[in-house]
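# A look at the structure
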Amino acid sequence: MVENPARLLLGPGPSPVDPRVTQAMSTPVIGHMDPMFVSDLGNTSELLRHVFGTKNRATFAVSGTGFSGMETALVNVIEPGDTVIVGVSGFFGVKAEELCRRLGAETIVVSNGFGLPVETIDIRSALEDSGDVKAVFLVSAETSVGLRQPLQDIAEVVHEFDSLLISDMVTLLGGAVVKVDEWEVDIAYSGSQKCIGTPPGSAPITFSPRAVEAIEQRKSPVPSWYLNALEISAYWAGELPYHHTCSSTVMYGLKKALELIKDEGLNNRAQRHEIHGAALRSGVEAMGLSVASLEGRRLGMLTPINIPEGIDDKDVRSALLEEYNTEIGGGLGDWAGKVWRIGLMGYGSTPANVLHILNALEHLLSERGHKCERGSATAAATQSLS
Ligand SMILES: Cc1ncc(COP(=O)(O)O)c(C=O)c1O
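The structure presented is a predicted model; accordingly, all values stated were derived computationally and were not measured.

## A look at the overall build of the protein chain
The secondary structure content of the protein chain amounts to 14 helices and 14 strands. Each principal axis of the C-alpha atoms in the protein chain carries an extent, and together these give about 65 × 55 × 40 Å. The burial tally for the protein chain puts 58% of its 386 residues in the buried class. Counting only contacts in the protein chain whose residues sit at least 6 apart along the sequence, the fraction spanning at least 24 positions is 71%. Carbon and sulfur atoms form 52% of the exposed surface of the protein chain, whose accessible area is close to 15,700 Å².

## Topic: the side chain of Asp-122
Here Asp-122 shows up in helix α5 (residues 120–129). With sequence-adjacent residues up to four places away left out, Asp-122 is seen in contact with Val-110 and Asn-112.

## Thoughts on helix α13 (residues 351–367)
Between the first and last C-alpha of α13 there are 24 Å, a value that for 17 residues agrees with the 24 Å anticipated at 1.5 Å per step. Buried residues of α13: Asn-353, Val-354, Ile-357, Leu-358, Ala-360, Leu-361, Glu-362, Leu-364 and Leu-365, and no others. Packing partners of the buried residues in α13 comprise β1 (8–9), α11 (266–286), α12 (313–324), β12 (326–327), β14 (339–343) and α14 (376–385).

## With respect to the sheet that holds strand β11 (residues 302–306)
Sheet architecture is open: 3 strands sit in the order β11-β14-β13, paired in antiparallel fashion. Since the sheet does not close on itself, it has two edges, and those belong to β11 and β13 (329–330), each with one partner. Where β13 lies against β14, 2 bridges are found, and the strand directions are antiparallel. Residue pairing in the sheet places Gly-329 in a bridge with Arg-341 of β14.

## Some details on the pairing of strand β3 (residues 83–87)
Here β3 lies mainly inside the structure; 5 of its 5 residues are buried. By the bridge criterion, 5 bridges tie β3 to strand β4 (residues 106–110) in an arrangement that is parallel. Bridge pairing in β4 places Val-84 opposite Thr-107. Crossover handedness for the path β3 to helix α4 (residues 91–102) to β4: right-handed. Two elements, β3 and strand β5 (residues 135–139), share 3 bridges in a ladder whose sense is parallel. In the strand pairing of β5, Val-84 is matched with Ala-135.

## Points about the site of the ligand
In the region of the ligand, the neighbouring residues are Thr-65, Gly-66, Phe-67, Phe-92, Val-139, Ala-141, Thr-143, Asp-168, Val-170, Thr-171, Gln-193 and Lys-194. Within the backbone of Phe-67, one N or O atom sits 2.8 Å away from an oxygen atom of the ligand. Between the ligand and Gln-193, the relevant distance is 2.7 Å, taken from an oxygen atom to a side-chain nitrogen or oxygen of the residue. With the chains in place, 87% of the 390 Å² that the ligand exposes on its own is no longer accessible. Here the residues of the shell around the ligand are counted per class, giving 5 nonpolar, 5 polar and 2 charged.

## Things to note about the nonpolar core
Of all hydrophobic cores here, the largest spans 88 residues; its most connected members are Leu-74, Ile-123, Val-136, Phe-137, Met-169, Phe-207 and Trp-236. For this core, the domains that each give at least three residues are domain 1 (19–263) and domain 2 (265–385). What Phe-207 contacts, discounting residues up to four positions off in sequence, is Asn-56, Ala-58, Phe-60, Thr-72, Asp-186, Ile-187, Val-212, Ile-215 and Ala-229. Of all hydrophobic cores here, the second largest spans 28 residues; its members include Leu-10, Ile-307, Ile-328 and Ile-357.

## Points about the domain arrangement of the protein chain
Domain boundaries in the protein chain define domain 1 (19–263) and domain 2 (265–385). Relative placement of domain 1 and domain 2: their C-alpha centres are 29 Å apart. On the domain 2 side, the residues contacting the 31 residues of domain 1 number 22 residues. For the pair domain 1 and domain 2, the two sides together bury roughly 2,300 Å², of which 66% comes from carbon and sulfur. The largest per-residue losses of area from domain 1 upon contact with domain 2 belong to Phe-114, Gly-146 and Val-177, which jointly make up 21% of the total buried on that side. Connecting domain 1 to domain 2 are 1 salt bridge.

## Comments concerning the pattern of salt bridges
Should the charged atoms of two oppositely charged side chains come close, the side chains can pair. Scanning all chains against the criterion turns up 19 salt bridges. Among the ionic pairs, Asp-186 bridges to Arg-210, the shortest N-O distance being 3.1 Å. On the criterion of sequence distance, the pair formed by Asp-186 in the loop between α7 (180–183) and β9 (187–189) and Arg-210 in helix α8 (residues 209–216) is long-range, its members being 24 residues apart. One connected set of salt bridges, linked through shared partners, spans Asp-40, Lys-255, Lys-256 and Glu-259.

## Notes on the sheet that holds strand β2 (residues 58–63)
Strand order across the open sheet formed by 7 strands is β2-β10-β9-β8-β5-β3-β4, with mixed pairing between neighbours. Here the strands that pair on one side only, and so sit at the sheet edges, are β2 and β4. Taking each pair of neighbouring strands and ignoring which way they run, the sheet shows an average axis angle of 20°. Bridging between β2 and strand β10 (residues 202–207) involves 6 bridges; their strand directions are antiparallel. Looking at the pairing, Thr-59 lines up with Thr-206 of β10. Across the sheet, α8 is in contact with β2, β8 (164–168), β9 and β10; its angle to β10 comes to roughly 90°.

Cut-offs applied
- Residues numbered from 1 in each chain as written.
- Predicted model: local features only at pLDDT ≥ 70, side-chain atom pairs only at ≥ 80, totals over all residues.
- Heavy atoms only, no water.
- Helix = DSSP H or I, 4+ residues; strand = E, 2+ residues; numbered from the N terminus.
- Buried < 20%, exposed > 50% of the residue type's maximum accessible area, 1.4 Å probe, protein only.
- Contact = heavy atoms within 4.5 Å.
- Areas by Shrake-Rupley, 256 points an atom, 1.4 Å probe, with all protein chains shown as cover.
- Expected span 1.5 Å × (residues − 1).
- Pairing = 2+ DSSP bridges.
- Right-handed = clockwise from strand over helix to strand, strands pointing away.
- Near = heavy atom within 4 Å.
- Polar contact = N/O pair within 3.5 Å; in protein donor to acceptor, adjacent residues only side chain to side chain.
- Nonpolar A, V, L, I, M, F, W, Y, C, P; charged D, E, K, R; others polar.
- Core = buried A, V, L, I, M, F, W, Y, C linked by side-chain atoms within 4.5 Å.
- Domains from an automatic or database assignment.
- Buried area = accessible area lost by both parts, 1.4 Å probe.
- Salt bridge = Lys/Arg side-chain N within 4 Å of Asp/Glu carboxyl O.
- Axes fitted to C-alpha atoms, helices over the stretch in contact; angles between N-to-C directions.

Next up, the structure:
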């Protein structure tokens, strides 16, 4: 058996896990119907409300990865024949669009191109042109292009048209201050393995009372048993003894990670991600590389970098694994082969990791003929950090 070399995870997720989370996950397995575990699920819901910035009763975590959150969000409210507007700025918006089509929805795509945000005016004009719209879907932090998609103004317009706002927060949650209630987002979901900082395996999700009402008023039953939001929510609230064999290992990891987020403070945590993202960008530019994401809409937790001419994407990523035991991400969708994606997420968002990845890239790129002054990237990042 090949030994796992404990990679340094500086890609788009999974991110490094705090040893206190790993320790919480090594407590003995207990039953999914044990009153002690069910009570802990209730405490975890409360912690999730804190990070989501919501009082929504229906707040829990799906047993699955980020896409199980996406499926839960969509499969519970979308019925065949419904009209849905999907904002597409990158790969994950495209996935949501595909899923809406599979659910039989009349799916209208609003896009200004890969890497570009959807503006309030775009959503307003799509709503004006589309009759009754069940929901508008937007990715709040599009991981494929490192783009922040503001939601608050759009939510106002969406509600003016009596539609629901659904948002993917897989990359955002735990790395930014999220205000689901204040922004008036009806359904938001995430994945545990990015800024929340646990291994993959749980997908936090929250439903507003308006979203719950939409589920209750469906004409047809929710077509998924496993992802039935109201049933999972009832199980988490201790009102339904069994829905599925929920893993105590996974959920104790999530609970510990959420406690650590609360202890750090949401503002501090958001600031930490912003500061380290900014330092990384200064170093990248000092090295003569360019950041691919749109200025003014960049994410602290995920930075896409344009791969310089003449440099082979996979060769550099393999060398990072072999020589530095470090993982970064490649591009997805339209940006496949064109960018590297560096994640500084959760426990991995540290000054040491910023300097480490800049130093490693500087070394590997200069070996491959890219002209840059050795030490310039780390010097620029250090200055940005000070
Ligand atoms: C924005 C976004 N949505 C959805 C997903 C899917 O999550 P998972 O791979 O955990 O299923 C990802 C994963 O990177 C993501 O970044």
